[in-house]
Structures are given as structure tokens and as C-alpha cells.
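# Residue-level structural notes
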Amino acid sequence: MNILFKNFKIENENFIYIPLYIFFKNKIEKKEISYKLPSIRKVANFLNISSNTVAKSYSELEKINYIKIIKGSGAFINKNLFSEKVLSFSMLENDDNFNLTNTLKIDFINSTPNYSYLPVKDIKYAINYILDRDQELALVNEGPLGCLELREAIKNSLGNLNITCKTENIHILSGAQEGIDLISKTLGCSKTHIATEIPTYLGALKTFKNENFIIHPIEIEQDGLNIFQLEQLLLKTKIKFIYLMANFQTPTGVNISYKKRLQLLELSQKFDFYIIEDDSAADLYYSKNTPQPLKSLDLCNRVIYIKSFSKIFMPGFRLGFIIVPDNILTSFLNNKILSASSTSTLYQKSFALLLKKGLIEKHMRLCRQNFKTIQDCIVKELQLIPDISFIVPSGGCSIWIKLPKNISSISIYNKLLKDNIGIVSGSTYGFDNFIKLNFSRINEKDISLGITLLKKAIEFFKNLNK
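Residues numbered from 1 in each chain as written. Predicted model: local features only at pLDDT ≥ 70, side-chain atom pairs only at ≥ 80, totals over all residues. Heavy atoms only, no water.

If you tally the helices and strands in the protein, you get 16 helices and 16 strands. Relative to a compact globule of 466 residues, whose C-alpha radius of gyration would be 23 Å, the protein shows 25 Å and is just as compact. Here the C-alpha coordinates of the protein stretch approximately 80 × 55 × 40 Å along the principal axes. Burial analysis of the protein (466 residues in total) assigns 55% to the buried set. Here the analysis covers contacts within the protein between residues at least 6 apart in sequence; of these, 72% occur between residues at least 24 apart. (Helix = DSSP H or I, 4+ residues; strand = E, 2+ residues; numbered from the N terminus. Rg over C-alpha atoms; globule rule 2.2 N^0.38 Å. Buried < 20%, exposed > 50% of the residue type's maximum accessible area, 1.4 Å probe, protein only. Contact = heavy atoms within 4.5 Å.)

Another point: the side chain of Asp278. For Asp278, the location among the structural elements is in strand β9 (residues 274–278). At a separation of 2.7 Å, a polar atom in the side chain of Asp278 contacts the side chain of Tyr243. (Polar contact = N/O pair within 3.5 Å; in protein donor to acceptor, adjacent residues only side chain to side chain.)

In this fold, Asp107 is placed in strand β3 (residues 106–107). Here Asp107 occupies a buried position and makes no salt bridge, while the nearest side chain of opposite charge, Arg441, is found at 5.5 Å. A polar side-chain atom of Asp107 sits 2.8 Å from the main-chain amide nitrogen of Ile109. Within polar-contact distance, the side chain of Asp107 engages the backbone nitrogen of Asn110 at 2.9 Å. (Lys, Arg positive; Asp, Glu negative; His and termini not counted. Salt bridge = Lys/Arg side-chain N within 4 Å of Asp/Glu carboxyl O.)

On to the pattern of salt bridges. Working definition: two side chains of opposite charge can pair if their charged atoms are close together. A full pass over the atoms with the stated rule returns 19 salt bridges. Put simply, Glu211 and Lys185 hold a salt bridge, and the shortest N to O gap is 3.2 Å. Taken together, the positions of Glu211 in the loop between α9 (202–210) and β6 (214–221) and Lys185 in helix α8 (residues 176–187) put the pair 26 residues apart, joining distant regions of the chain. The network of salt bridges with shared partners includes Arg133, Asp134, Glu149, Lys349 and Lys356.

Let us look at the packing of aromatic side chains. Scanning the model with the defined rule gives 17 aromatic pairs in all. Taken together, the ring pairs in this structure connect Phe208, Phe213, Phe241 and Tyr243 into an aromatic cluster. One cation-aromatic arrangement involves Lys415 over Phe460; the distance from NZ or CZ to the ring centre is 4.2 Å. (Phe/Tyr/Trp six-rings, centres within 6.5 Å; stacked < 30°, edge-to-face > 60°. Lys NZ or Arg CZ within 6 Å of the ring centre and 35° of its normal.)

Contact geometry for α8 and helix α12 (residues 329–339): axes closest at 9 Å, N-to-C directions at 125°. By the angle class used here, α8 and α12 are oblique. With respect to the hand of their crossing, α8 and α12 are arranged in right-handed fashion. For the pair formed by α8 and α12, the contact residues are Glu178, Leu182, Ile183, Lys185 and Thr186 on the first element and Ser331, Phe332, Asn335, Lys336 and Ser339 on the second. For the contact of α8 with α12, the residue count by class is three nonpolar, four polar and three charged. (Axes fitted to C-alpha atoms, helices over the stretch in contact; angles between N-to-C directions. Parallel < 35°, antiparallel > 145°, perpendicular 65-115°, else oblique. Left-handed = near helix turned anticlockwise from the far one by under 90°. Nonpolar A, V, L, I, M, F, W, Y, C, P; charged D, E, K, R; others polar.)

So, about helix α15 (residues 409–417). Counting buried residues in α15 gives nine out of nine residues, a clear majority hidden from the surface. Along α15, the positions that sit buried rather than exposed are Ser409, Ile410, Ser411, Ile412, Tyr413, Asn414, Lys415, Leu416 and Leu417.

Our next topic: the pairing of strand β11 (residues 320–323). In β11, alternate side chains face the same way, and those of Gly320 and Ile322 on one face and Phe321 and Ile323 on the other are all buried. Looking at chain direction, strand β4 (residues 170–173) and β11 are connected through four bridges and run antiparallel. Of the residues in β11, the one forming a bridge with Leu173 is Gly320. Alignment of strand β10 (residues 303–308) against β11, held across four bridges, turns out to be antiparallel. (Pairing = 2+ DSSP bridges.)

For the rest of this paragraph, the subject is the sheet that holds β9. Read from one edge of the open sheet, eight strands run β4-β11-β10-β9-β8-β5-β6-β7, paired in mixed fashion. Every other strand in the sheet has two partners, leaving β4 and β7 (224–225) as the edge strands with one partner each. Seen against the sheet, α12 touches β4 and β11 and runs at an angle of roughly 20° to β4.

This next bit is on the environment of Asp283. Mapped onto the elements, Asp283 comes out in the loop between β9 and β10. Counting along the chain gives 26 residues from Asp283 to Phe309, while the straight-line C-alpha distance between them is 9.2 Å. In this structure the side chain of Asp283 is engaged in a polar contact, spanning 3.2 Å, whose partner is the side chain of Lys307.

Have a look at this one:
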């Protein structure tokens, strides 16, 4: 007990339960207590305070799901909820594991498409059309590069983004994650130095760590990654590539400014590194003009462009593509063959038909309209919460929110989960003073209640910290 309470001080005799609650809460968050709290009687005797005071502190911890009090046995740390569940929920963005959030009343965690938006009639039409047209050939695997019909359709559609490339540079993927995995194996090996924005997409970080890369984080400013910080890194370290999102960065929602895009491309030439651009959210833009990828400015083939259609169109189809420069095409193809992964030819040809007939764009216009309405409603409600800050993204389906000082995102996560409301804790990105609200699965009618309870949770912890 002497070691446990070494730095604990009672400064206010009238509200002892509050500093005691905060003390235990911090110990649990730092995993300095990982199984069970000392008994109420022992704490009361050691601190020379009443048992009721200790019991009240424990009760506050139970309210936010940090502990579970079992009568006659004691107060146990809620390990499953505090660590594993937070992580597994947050990794939804990588694994598309829909089942974890099925029990939530209001789901600000899931980043998968809203099922009610999926264009079932158009998909049914395309599949039937391809089966009638190609018969058994629609079911034959066309090889590791992917269906030629889809690759050509993608090449033609890229003209709208001012991207020009050859068909042979386009490889079909089962999603952006596969592209990140394959290009990592192609470009690097153990101890390869790379750079990433921080915070960034968790699935990419997982891949880079699995490859045993040495990762150099580059901070994000309001106009994108910190170019000065990147340049300082480049002056002393040879990196193979930087992974980034130029439009609607995950999780911040920030866009890289035009000026910084040009500077980044200049640095890539000067210091001889690749830029892996993940542009999977760019179709969900809320401005009048389509946001241009960094790749559209790339005159020297420094940008490796990855795009997924899975999250915003047909998650079951598992489709995306990558544009690979000529000089690493052979190595990339070898890795793709070894991965033994491929997407259904029927799905690829069906998607190509939808793309050529403009039905993908029709669907995306509807999504942009619906999601913009939802984002506007969320922003309006968030503006009623004092002492938080956030940037309103010009696209995507999430908002990155900075909490008031000294409030832990894990605390907010656990308290809201008691009401069956899920949010993404910023701690999963290494930023415990932030939370992320994904709204791709949110119904407009649930927004007011969800944000109101978020506001109450923030006020609860602000009052405790006074």
C-alpha cells in the first residue's frame, strides 16, 4: 500500500473521493493496476478516511466501466472492456468486422458503408448483364493483374482526376490494405526506413510494423504534413517511401495544401523516395469540384497511387487498384503472384460495366448528398459543446475532435459505452486527448441524442477535474 499511494496527496478534506477516483483512474489507464483494486476497508484504514468515501470513488469508476464491483469479492478491473474491446472496435477500419458493433444503439465506430445506400438494383443489373454476355468466361480467373476490361475502364476514368497512365501499370486489388501490404513487400525489407503522417491509418501502421520497418512519424498541421519536419528527417536519414493521404486524411480529415504538394514532390525527387498515396476516401467530397490527387501533379512517377472502392461502394466485392511505376512492376507482380489473392472476375467485369455507364458516379452523388447532410447535423450539435475543437473536413465520413484538457478519450469511450454508444478512442492512434466520430452508419435521427450524451460525458469529467 505504501508503494501504491506513494504520490497520493489529500488536498481538500471535503471532496476526498474525487482525487481518489482520479488517482485510481490514472493507475488503471497506465496499467499499474491490472487485476483488482485493494479492498475498500484497506484503503480507508491506510488513508485514514471513511469507507463511504472510498466506496463513492469506486462507484464513480464503475460508472465509466473501468471496474466491476462484485459483492463479497471486490472491485475488479474491467480488462476486456478497457483494452481489448477498445482496440478491436477501433480496428474495424482495417478488418471490416461488422459484428462487434451490432449491439450498439448509436454507432460512431463503424466506418463501413450504410447498407441502405448500396445500389442493389444496379449491381443486380450489371451481374446479370455480364453473365448473359460472357457466359462461363465471366467465371474464369483473368490472372494476377486483374480483369483487363476493368483496368481499361479505370484508366479512362482517371482522366477526370488528371491522371494519365498505361493500362499495364494498373493492378486490381482486393482493397487498399492489400495494396499497402504488397507495395511494402516490394519496396522494403526489415529495418527499411520509411515515413508516415502521425496519426495515420491503423491498417497501414500494422503492415509497416509487421515488415519490421523503422517508422519516422511526421506531424500533421492544418494544411497537411509538416514539410519542414520531413525535410529535416531527409537531411539525416535515407527513407524508401512516405505513406500519406493527400485528401481527407485518416483520422484528422485534413487536406494537404497545393503548396505543400509541390514541395513534397520536389523533395521526393531531390532525396529519391517514393510517395504512397492512399486516396480511398476522395470520392466522398462535399465541395463543388472533385479534389485532385497528389498523383495528378506527379511528372516523375514518384507517386504510387492506391484506391479502394470497398468502403464506399460494395464492401462484399473487395475491389481497389494500384498504379505501379514501370521500374518496380516486375517485383510488384511477383509479390502479387505469391500472395495468391484475386478478386472474382464476375465482380470485376460487373464493376467495369457500372463504371463505364456512369452508375458508380450516380451512386456516389447520392452518398455525397446524404453524408453531407449528416455531417452538417453533427457539426451543428458539436458546436454546442464548449472547450472542444475540430476541423470540419471537406469530405470523408469522420470528424477528429480534440477534447478539453486532462480528459482521456478512453474515459469518454467507456462512459458512452455504458449507454450503448460507440466512439473511436484517439488512444488507438496514440492521441488520448482526441476522439473520432465515424458517421457512415449513423441515422440522422440518432445524431442529437448521441452528441448530447457525448456533451454530458465531457461535462462529467470536466467537473471531476475541477
